[in-house]
Amino acid sequence: VIVHNDEEHTQDYVIEVLQRVCGHPLGKAVQLTSQVHTEGQANVWSGSLEVAELKRDQIRGFGPDFYSDQTVRFPLGVTIELLPGD
């Protein structure tokens, strides 16, 4: 599951999504959020296709980013990609 950077969602929002949807501890969520911000994307979860689809849908449906000065109502960019060798 790949999360993509945008200029609207706050880092606090992305951190919360990664903790609540993917189960990452705070430090890992911060690290992945930084990678999304600096590299444009990050692999935030790996596993079976069925669970990856669920995670993608949960991220998309997480709700508005109320951390932003102006509430962001569209979902984070998120895709599913096969891991190399799969």
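Residues numbered from 1 in each chain as written. Predicted model: local features only at pLDDT ≥ 70, side-chain atom pairs only at ≥ 80, totals over all residues. Heavy atoms only, no water.

Participant: Please clarify how the sheet that holds strand β1 (residues 2-4) should be interpreted in this entry.
Facilitator: Hydrogen bonds between backbone atoms are what pair the strands of a sheet, whose relative direction is either parallel or antiparallel. Spatial strand order, β2-β1-β3: three strands in an open sheet with antiparallel pairing. Taken across any chain shown, the strands that pair with only one partner, and hence form the sheet edges, are β2 (41-43) and β3 (77-79). Here the strands of the sheet are splayed against their neighbours by 20° on average, with no regard to which way each runs. Pairing between β1 and β2: three bridges, direction antiparallel. Along β2, the bridge assignment pairs His4 with Gln41. (Pairing = 2+ DSSP bridges. Helix = DSSP H or I, 4+ residues; strand = E, 2+ residues; numbered from the N terminus. Axes fitted to C-alpha atoms, helices over the stretch in contact; angles between N-to-C directions.)

Participant: How should I be thinking about the pattern of salt bridges in this particular structure?
Facilitator: Where charged atoms of side chains with opposite charge meet at close range, the side chains can pair. Scanning the model with the defined rule gives two salt bridges in all. As a salt-bridge pair, Glu16 and Arg20 come within 2.8 Å of each other at their nearest N and O atoms. Pair noted here: Glu16 and Arg20 are both in helix α1 (residues 11-22), with a separation of four residues, about one helical turn. Arg20 sits in the exposed class, given a relative accessible area of 58%. As a salt-bridge pair, Arg56 and Asp57 come within 3.0 Å of each other at their nearest N and O atoms. (Salt bridge = Lys/Arg side-chain N within 4 Å of Asp/Glu carboxyl O. Buried < 20%, exposed > 50% of the residue type's maximum accessible area, 1.4 Å probe, protein only.)

Participant: Just checking my understanding: could you explain the layout of surface pockets for this structure?
Facilitator: Unoccupied space between atoms shows up once a probe the size of one water molecule is rolled over them. Approximately 210 Å³ is the volume found for the largest pocket. The wall of the largest pocket is formed by 14 residues, among which Gly47, Ile80, Glu81, Leu82 and Leu83 lie closest to the centre. In this structure, the second largest pocket encloses a volume near 160 Å³. For the lining of the second largest pocket, the secondary structure elements donating two or more residues are α1 and α2 (26-39). (1 Å grid on protein atoms, 1.4 Å probe; cavity = no way out; pocket = protein on both sides within 12 Å on 5 of 7 lines; lining within 4 Å. Points joined across faces, edges and corners; volume = space filled by probe spheres on them.)

Participant: How should I be thinking about the nonpolar core in this particular structure?
Facilitator: A general feature of soluble globular proteins is that nonpolar side chains tend to end up buried together. Core analysis: the largest hydrophobic core is formed by 19 residues, its most contacted members being Val1, Val3, Leu18, Cys22, Val44, Ile59 and Leu76. If you tally residues by element for this core, the top one is α1, at seven residues. Excluding residues within four positions of it along the chain, Ile59 makes contact with Val1, Val3, Val17, Val21, Cys22, Val44, Leu76 and Val78. (Core = buried A, V, L, I, M, F, W, Y, C linked by side-chain atoms within 4.5 Å. Contact = heavy atoms within 4.5 Å.)

Participant: Teacher, can you tell me more about the packing of aromatic side chains here?
Facilitator: Both the distance between ring centres and the angle between the ring planes are used here to describe each pair of aromatic rings. Overall, the coordinates contain one aromatic pair when judged by the stated rule. Seen in terms of ring centroids, Tyr13 and Phe62 are 5.7 Å apart; in terms of plane orientation they differ by 75°. Their pairing is edge-to-face. One end of the pair, Tyr13, is in helix α1; the other, Phe62, is in the loop between α3 (49-60) and β3, and 49 residues separate them in sequence. The exposure class assigned to Phe62 is partly exposed, which follows from its relative accessible area of 22%. (Phe/Tyr/Trp six-rings, centres within 6.5 Å; stacked < 30°, edge-to-face > 60°.)

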